[in-house]
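Here is how the chains run, residue by residue.
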Amino acid sequence: MEKEHIFLKLFGQKLISYKKLKNGQVAGTGLLNPLLDRLRIYRLVFMILLQAKFYKNYDTIGKWEGKMVANTFAPPVGSRPMLRALKGLVKSQLMPYPFPVAMTFAITYKCQCKCVHCSAGRHFNKDRRELSTEEAKKLIDDAQKLGVTIIAFTGGEPLLREDVFELISHVDKKKAMPVMFTNGQFLTDENVDKLADAGLYSLFLSIDSPDPEKHNKLRGMPGLFETAIEGLKKVKSRGIFAGFSSYATRSGTEKGIYKRLHELAIELGLHNIILFDCVPTGNMLKDTSEMLTFELREKLHNYSAEVFKNKIVPPISSQAWQNSVEAYLSGIGCLAANIQCYASAYGDIAPCDFTPISFGNIRKESLKKIWMRMVKHPAYNHRSPFCRMQNKEFRDLYINPIPDDAYLPYEIKKLPIVDYRK
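Residues numbered from 1 in each chain as written. Predicted model: local features only at pLDDT ≥ 70, side-chain atom pairs only at ≥ 80, totals over all residues. Heavy atoms only, no water.

### Re the environment of E166
Part 1 of the reasoning: With respect to the helices, strands and loops of the structure, E166 is situated in helix α5 (residues 164–170).
Part 2 of the reasoning: Judged by its relative accessible area of 38%, E166 falls in the partly exposed class.
Part 3 of the reasoning: In this structure, E166 is in contact with T133 and K137, ignoring residues within four places of it in sequence. (Helix = DSSP H or I, 4+ residues; strand = E, 2+ residues; numbered from the N terminus. Buried < 20%, exposed > 50% of the residue type's maximum accessible area, 1.4 Å probe, protein only. Contact = heavy atoms within 4.5 Å.)

### Describing the nonpolar core
Part 1 of the reasoning: Core analysis: the largest hydrophobic core is formed by 82 residues, its most contacted members being M103, F105, F153, L195, L203, F244 and F394.
Part 2 of the reasoning: With six residues, the top contributor of residues to this core is helix α14 (residues 367–376).
Part 3 of the reasoning: Among the nonpolar cores identified, the runner-up in size contains 13 residues, and I61, A102, I150 and A152 belong to it. (Core = buried A, V, L, I, M, F, W, Y, C linked by side-chain atoms within 4.5 Å.)

### Regarding the sheet that holds strand β14 (residues 349–350)
Part 1 of the reasoning: Pairing is mixed across the open sheet formed by nine strands, whose spatial order is β12-β11-β10-β9-β8-β7-β6-β13-β14. At either margin of the open sheet sits one strand with a lone partner, and together these are β12 (316–318) and β14.
Part 2 of the reasoning: As defined by bridge partners, strand β10 (residues 241–248) adjoins strand β11 (residues 272–277) across six bridges and the pair is classed as parallel. By the bridge assignment for β11, Y247 is matched with F276. (Pairing = 2+ DSSP bridges.)

### Thoughts on the sheet that holds strand β1 (residues 3–10)
Part 1 of the reasoning: In spatial order, the strands read β1-β2-β3; together these three strands make up an open sheet with antiparallel pairing. Among the strands making up the open sheet, the edge pair consists of β1 and β3 (26–28). Averaged over all adjacent pairs, the angle separating strand axes in this sheet is 15°, with direction ignored.
Part 2 of the reasoning: As paired strands, β1 and strand β2 (residues 13–20) are joined by seven bridges and run antiparallel to one another. Residue pairing across strands places E4 opposite K19, the latter belonging to β2. (Axes fitted to C-alpha atoms, helices over the stretch in contact; angles between N-to-C directions.)

### Quick look at unusual backbone geometry
Part 1 of the reasoning: Geometrically, the link from G155 to G156 is a cis peptide bond, its omega value of 20° lying close to zero.
Part 2 of the reasoning: Inspection of the secondary structure assignment puts G156 in the loop between β7 (150–154) and α5.
Part 3 of the reasoning: The omega torsion across V313 and P314 is 5°, close enough to zero to call that bond cis.
Part 4 of the reasoning: Topologically, P314 is positioned in the loop between α11 (294–309) and β12.
Part 5 of the reasoning: Positive phi values are uncommon outside glycine, yet F11 reaches one of about 55°.
Part 6 of the reasoning: Counting through the fold element by element, F11 comes out in the loop between β1 and β2.

### Points about a nonpolar patch on the surface
Part 1 of the reasoning: A surface patch of nonpolar side chains, about 340 Å² in accessible area, is lined by F7, L8, L31 and L32.
Part 2 of the reasoning: Mapped onto the elements, L32 comes out in the loop between β3 and α1 (33–36).
Part 3 of the reasoning: Overall, L32 belongs to the partly exposed group, its relative accessible area being 34%. (Patch = residues over 30% accessible without salt bridge, like charges linked within 9 Å, V, L, I, M, F, W, Y side chains within 5 Å. Areas by Shrake-Rupley, 256 points an atom, 1.4 Å probe, with all protein chains shown as cover. Salt bridge = Lys/Arg side-chain N within 4 Å of Asp/Glu carboxyl O.)

### A closer look at the packing of aromatic side chains
Part 1 of the reasoning: Under the counting rule described, the total for this entry stands at 16 aromatic pairs.
Part 2 of the reasoning: Ring plane angle 35° and centroid distance 6.2 Å describe the contact between F105 and F153, whose orientation is recorded as tilted. Residue F105 is found in strand β6 (residues 102–106), and its partner F153 is found in strand β7; the two are separated by 48 residues along the sequence.
Part 3 of the reasoning: Members of the aromatic cluster, connected to one another through ring pairs, are F359, Y380, F394, Y398 and Y420.
Part 4 of the reasoning: Above the face of the F99 ring, K91 is positioned so that its terminal group lies 3.9 Å from the ring centre. (Phe/Tyr/Trp six-rings, centres within 6.5 Å; stacked < 30°, edge-to-face > 60°. Lys NZ or Arg CZ within 6 Å of the ring centre and 35° of its normal.)

### Side note on the packing of helix α10 (residues 257–268) against α11
Part 1 of the reasoning: Two numbers describe how α10 lies on α11: the axes approach to 11 Å, and their chain directions differ by 25°. With respect to each other, α10 and α11 are oriented roughly parallel. α10 and α11 meet at a crossing whose hand is right-handed. From α10, Y258, K259 and H262 reach across to α11, where they touch K299, L300, Y303 and V307.
Part 2 of the reasoning: When its residues are assigned to classes, the contact of α10 with α11 shows four nonpolar, one polar and two charged. (Parallel < 35°, antiparallel > 145°, perpendicular 65-115°, else oblique. Left-handed = near helix turned anticlockwise from the far one by under 90°. Nonpolar A, V, L, I, M, F, W, Y, C, P; charged D, E, K, R; others polar.)

Given below as C-alpha cells:
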C-alpha cells in the first residue's frame, strides 16, 4: 500500500503532501506541491526543519568531547565537522550539483573471511597495487577539501592493513570524523587501544545474523561471532561508539531477524545499528532473489521510525528509512553520488559502496574532477529518493551489461551514457 505523508492541510484539502510510490519514487500530492517543489528556498527550509527534528529527538546516545551524538555515522551535534556537513547539504540544495559529506574508503581487499555474499567480492585483483600510505593520505586530504565530514574505513578487513592507525590519525578531526567497519576478529586489546589513540570516532561490527552458528557459517570462520562480540565490548569500554552493521534480506525480514538483531544490540548496550537493504552487488551482483519487496521495506521503515519516535537506544539507521519520504525531504535519499562516494583500495572512485561502477582513478586525475564527472552523468545528475541499485531500469542499463568475469568496479566508459528514467 502506498503511504502518504501530509504536512499541511486546510479545510480538508491537502496543501503540502507526498506519497511514496511502489517503485520507490516520491510524488507530491498536495495542491501547493507543484509550486513549492520548484522553489529551492522551500526545499532548503524543509530540509533544515526535518534535520533539526532528527537531531533534537536523540539526546541519549552519548557525547563525544562534550558534544551530543545523535547518530554515530554523523558528526557530533555542534561540532565543526557537523557544521561542515550542514554547509554541504545547504550548498547541494542551492547549487545545480551536490557535494559529498561522506566517503567510504576500502583501504585493502585482504580478508581472512570467506563470505559468499561479500559486497567487495570481485574487487581484489592481484595484478593491481593498493594505494600507498602517502597516496591514501592525499585521498583523505582531497576528500576533506571537497567537503567530506565522515571517512569510513572498510575493506576487505581494514585491520589487516598495517598503516590503518596512521591513516585514522591523519584524518583532520576538525573537518571529519573517522569511522570503521570490521569483521571483528582483530579487535585485540592492543589494536583497540591503538584505534582509540588514533581518534577513531565509531566502529561498526559487520554481522550477518544474531545466531552465532549461522553468522560463523556465512563468514566461513568458526568462532568469529564470539570473538567479535568480545572485541566490540573492548571498543565500547575505550570510549569509541560501537554498533552493528547488517543487511536485511527478503527471507530474513519475513522472519523478523532485524528485531532479534536489535534486541541483541540493546542487550550489549550498543550505540547504533546500520541496517542496509539487501543490495545485489559484489559476489551476488546479478542475484536479486533476496531483494526486499515494497511491503518489506515499509515494514523496516515503520520499525526504525517507531524506534526513533520512542528514543530507543540503539536507533536503527535503516536504508529503508533513508529511502523514505522524510529522508528524501531531509536531503538524503539515495546516497550514491549525492552525499557519498566510494574509494577502492586501488584508487577507483565509485558512487557508493554497492555501485560497482568506476568514474575514474585518483592516480590519474583529481578526486574533484572525478566527482564532477559523476554528478553530471545522466545516471546521477538528479537526486533519487530510492536506491538506484534496487531500480530495475538502472540495473538493466548499468549492471546487467557488466560481464560476469569482470573485475569490479567496472569502468563507466564501457557502459551507455543514458538516463535510465527514460
